[in-house]
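Listed below, chain by chain, are the residues.
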Amino acid sequence: MMHEMLKNTDAVIFDLDGSLVDSMWMWRAIDVEYLGRFGIPLPEDLQSKIEGMSFSETAVYFKEFFHIPDSLEKIKDDWNRMAWDKYANEVPLKPGIPEFLRGCRKHGIKLGIATSNSRELVENIVEVHKLRDYFSCIMTGCDVAHGKPAPDIYLAVSEKLRVNPERCLVFEDIIPGIQAGKSAGMKVCAVEDAYSLQTKDNKKALADFYIEDYFNLF
């Protein structure tokens, strides 16, 4: 029995980190290690400051706020290198994703990814988990003018998939992402993630649906 969120849905669009793959823990570890190279302790409020920013916007923030001497390109290259090993070896898909993707394909639902991460990393993740055949469109925050919570990236993916926003369902794990999907005029399902458990009630209030995993949606 198909879950009600999938009725009248022609496309499903995933955020990547925390929604499609279980990776939010990893970015905190990378921030600690990266800032440690410059002798800078991790500010406790860093994640709330950069949530939703594109990869490029985050690099600009780090360079200006922490006075990092390296170029923006070097900052991003260093992050890509640090993240890639973890993505390849330590980051699993969220529970139930393989079954859910097969269900979408069986029912003719188009699939896209809308991520704040870098193109290099998202392409690598898709290869590692053998997801290439499922996704018709992969868009990053660097491809659009404004990062989440602006709706730009979700509107760009729906346009590429040729599906009206109101026929799209978004899966998101953080509040700026949920706001981005709602601002785009889409249905949004919030995804449980250990990293954002403290905002669970807010996520439930903002989103149309809430899931703990992707099992039994078809």
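Residues numbered from 1 in each chain as written. Predicted model: local features only at pLDDT ≥ 70, side-chain atom pairs only at ≥ 80, totals over all residues. Heavy atoms only, no water.

Draft legend 1. Local environment of helix α1 (residues 24-37). When the terminal C-alpha atoms of α1 are compared, their 21 Å separation across 14 residues agrees well with the 20 Å that a helix rising 1.5 Å per residue should span. Of all the positions in α1, only Met-24, Met-26, Trp-27, Ile-30, Asp-31, Tyr-34 and Leu-35 are classed as buried. Viewed end-on, α1 has its buried residues packed into an arc of 155 degrees, placing them on one side of the element. Tucked inside the fold, the buried residues of α1 contact α2 (46-50), α3 (55-65), α4 (72-89) and α6 (119-128). Phi turns positive one or two residues past the end of α1, at Gly-39, with a value near 70 degrees. (Helix = DSSP H or I, 4+ residues; strand = E, 2+ residues; numbered from the N terminus. Expected span 1.5 Å × (residues − 1). Buried < 20%, exposed > 50% of the residue type's maximum accessible area, 1.4 Å probe, protein only. Arc of directions from axis to C-beta. Contact = heavy atoms within 4.5 Å.)

Draft legend 2. Broad picture of the sheet that holds strand β4 (residues 168-172). Spatial ordering of the open sheet is given by β3-β2-β1-β4-β5-β6, a layout of 6 strands whose pairing is parallel. Lying at the two open borders of the sheet, with one neighbouring strand each, are β3 (137-140) and β6 (209-211). Each adjacent strand pair in this sheet contributes to an overall mean axis angle of 20 degrees, direction not counted. Sitting on the sheet, α6 touches β2 (110-115) and β3, and the angle it makes with β3 is about 150 degrees. Taken strand by strand, helix α8 (residues 175-183) contacts β4 and β5 (187-191), and its axis lies near 165 degrees from that of β5. (Pairing = 2+ DSSP bridges. Axes fitted to C-alpha atoms, helices over the stretch in contact; angles between N-to-C directions.)

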